[in-house]
Amino acid sequence: MKANGSVFKYGDNVDTDVIIPARYLNATEGAELAKHCMEDIDRDFVGKVRPGDIIVAKKNFGCGSSREHAPLAIKCAGVSCVIAETFARIFYRNAINIGLPIIECREASERIDGGDQVEIDFDSGVITNVTKGESYQGQAFPPFMQGIISAGGLVSYINAK
Amino acid sequence: MGMTMTQKILAAHAGLDEVKAGQLIEADLDLVLGNDITSPVAINEMKKMKNQTVFDKDKVALIMDHFIPNKDIKSAENCKCCREFAMRHGLTNYFDVGEMGIEHALVPEKGLVVAGDAVIGADSHTCTYGALGAFSTGVGSTDMAAGMVTGKAWFKVPSALEFVLTGKPGRWVSGKDVILHIIGMIGVDGALYKSMEFTGDGVKNLSMDDRFTICNMAIEAGGKNGIFPVDDAAVEYMKEHSARPYQVYEADADAQYDAVYTIDLSALKPTVSFPHLPENTKEIGTFGEIKVDQAVIGSCTNGRISDLRAAAEILKGRKVAKGVRCIVIPATQDIYLQALREGLIETFIEAGAVVSTPTCGPCLGGYMGILAAGERCISTTNRNFVGRMGHVDSEVYLASPAVAAASAVTGRISCPCELE
C-alpha cells in the first residue's frame, strides 16, 4: 500500500478542537465533518486539499478530546496519511481503528515542508520526499496493529475473528 | 521485575501473572462508557458488526451530558439514537435529562466504578476514575463499540511516571492547582502514552474531589491514565457510593518508573493556565492585570460539591463585577440538590451568577456560554485550546473554582487572598 500527495504542514500540539471544532460535533457523518476539517487552524485547508494529500506535523498531533470525528474528518477530507513526530494516544488508537494511515517519523516531521510532494510506502515505512530528493525511515506498526489496519479497521478485524 | 499499580490492574484483567511496559494485551473490562457525542458514532459502528449484542447490560453506561437538554435538532437526534439503543438493549445505566450528570462526576457518584476496575470510555476525561484506584482511560467510538460487544479492549501496557506528593496544600490551593502545576512542569505531552502514578504521604491531604480533578487532567499531560493509591478516604467514598466489591492493587516496591518527581504541596500557589495550551501555567501574583468577560465554574474537572463550596465561600455577600458573566454548573443532579440544601445556589444567584442544569456545554464551546471574538474567560474547565469555548480569537484561562470566583468578583484574574 502506498500514498502519494502534496503536503500540508503544521506544528506541535495540533489539537482535536482545531481539527474539528466541537460546534460541529452534532454531526456524525464523515462527509459533513470533512467540510470543517482544520477550520480553526487553517481556513484554506478544505478548499485546497486534494485526494491523496498528506498532513505532516510535529509533536503530539491530535491531543485533547477522544472524538473519533477528528481522524474521520481528516480521512474524509481525502488525506491519505498523517506523518508526525508523535501522536496523542487516543488519536493514535482512533486512526488505526478507523483505517486512517499514520506514521511516526521525527526526521520526516523536521525535513518536510508544506507543498512538498511526498510518497509513502506503508509496507517498508519509507517516506520519500520527491521535491527535496530525500527519504526517511518511518516507524512500521507492530504486527498486531498491522493486522487491524490490514483488516480495514477494528470492526472488520473483530468480525473476522 | 516489579510492576506499577496500573500494570498490576492490567495484568489481572488480561489473566496474566505479569506484564511489561510495551507489551500488547487484551483486557477484560468492568465498564464501557459513552456520551451523547461519541455514542452515536459507536452505535453506528456496532451496526457493522456480526455480533450486535452488548456483552453485559450492567456494564455499559450511556450518559447524555454534552449537548443536553438538547441544544439543537442534530443534538436531539443524537440523544434519541442513544435513548433508543439503551431501550433496545435494556441498559441498566442510561442517564438522561433529570437523572444525568456530567459523566465523570456521575459515574463515581453512582458507584459504577470501584478500585481495581478496568474501564474505557469514549471521552478523553475517562481517566478521572484513577482517583479510586481503578485503571480508566479514554478511547474513541470504535473502541467503545468493540468494548460494548466483546467486553474487552486492546492496550499497549504503559510505562509510568511517579509523582511523590508531600506536605499539605495551603489555604487557596486545590487539586486543580496541583495538576496545573504538574502539566506546566512536564508539558502537554510530558506523560505521552504513560501512566501518571501519584504516591506519597501528601495524598492523605487531598480530598477525593481533589484527586478526581487531578486524575481528570492526566490526559492534558498526554497521559494514558492517572492513578492514586487506595487509602481510607477512597474506601470510605466507595462504601458510601457503591455496593460493588473492590480490589486494592499496590505498586511493587521495585516497580520501574521512567521518571520520579517529588512535589511539595505546601509550596504550591494558585495556578493559572494561559491560552492556548494547559502547559502555559503561571502562579498567581506573577503576572499583570488580565480583565475577564466571563467566569465558568463547573465541568467534569471542577463541578463537584467541594468546588461549589469553594466558589460560594468567595461569592457569599459579594457581587459579580459589572460586565462579567459568571456561570455556575453543578456537575450532577445530586450535587445540584446538595448545593441547594446548603444554600450555595442562593449565594450564587444573590451574587449575580447564573446556575445551570448539569451540562458540559461551554467547556467545549457547545452552548451555555460561548465567547465572542476578543472575549476572555476564566474557567475551571480543562482545555484552553484555540476556539475551545467559542470564537478563534477568544481566550480561556484555566484555574481553580476559588480563583474563578474571586476573578468574577474583581473582574480580573485574581487570587482569593485579595478578598480576605
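Residues numbered from 1 in each chain as written. Chains lettered and ligands numbered in written order. Predicted model: local features only at pLDDT ≥ 70, side-chain atom pairs only at ≥ 80, totals over all residues.

(A) Highlighting the interface of chain A and chain B. Across the contact, 36 residues belong to chain A and 43 residues belong to chain B. Where the side of chain A that touches chain B is concerned, the elements lending two or more residues are helix H1 (16-19), helix H5 (89-98) and helix H8 (154-160) of chain A. If one sorts the elements of the side of chain A that touches chain B by residue count, H5(A) sits on top with 6 residues. When its residues are assigned to classes, the side of chain A that touches chain B shows 15 nonpolar, 12 polar and 9 charged. (Contact = placed C-beta atoms within 7 Å. Helix = DSSP H or I, 4+ residues; strand = E, 2+ residues; numbered from the N terminus. Nonpolar A, V, L, I, M, F, W, Y, C, P; charged D, E, K, R; others polar.)

(B) Expanded view of the sheet that holds strand S3 (residues 60-63) of chain B. Residue and element names in this part refer to chain B. The strand order across the open sheet formed by 5 strands is S4-S3-S2-S5-S6, and the pairing between neighbours is parallel. Single-partner strands in this sheet number two, and they are strand S4 (93-95) and strand S6 (135-138). Mean inter-strand twist for the sheet, computed between neighbouring axes without regard to direction, equals 15°. Examined bridge by bridge, strand S5 (residues 118-121) and S6 share 4 bridges and lie parallel to one another. Bridging across to S6, glycine 121 finds its partner in glycine 138. (Pairing = 2+ DSSP bridges. Axes fitted to C-alpha atoms, helices over the stretch in contact; angles between N-to-C directions.)

(C) Structural detail: the confidence of the model for chain B. Per-residue confidence for chain B averages 97 on the pLDDT scale, and 100% of its residues sit at or above 70. Among the scores for the predicted complex, ipTM is 0.94 and pTM is 0.97. (pLDDT = per-residue confidence, 0-100.)

(D) Broad picture of the sheet that holds strand S9 (residues 195-199) of chain B. Residues and elements named next belong to chain B. The sheet built from 4 strands is open, its strands ordered S10-S9-S8-S11 with parallel pairing. The two strands at the open ends of the sheet, each matched to only one other strand, are strand S10 (225-227) and strand S11 (259-264). Put simply, the sheet's adjacent strands are angled 20° from each other on average, direction ignored. In terms of strand pairing, S9 meets S10 through 3 bridges, oriented parallel. When the sheet's bridge partners are listed, glutamate 197 is paired in S10 with isoleucine 227.

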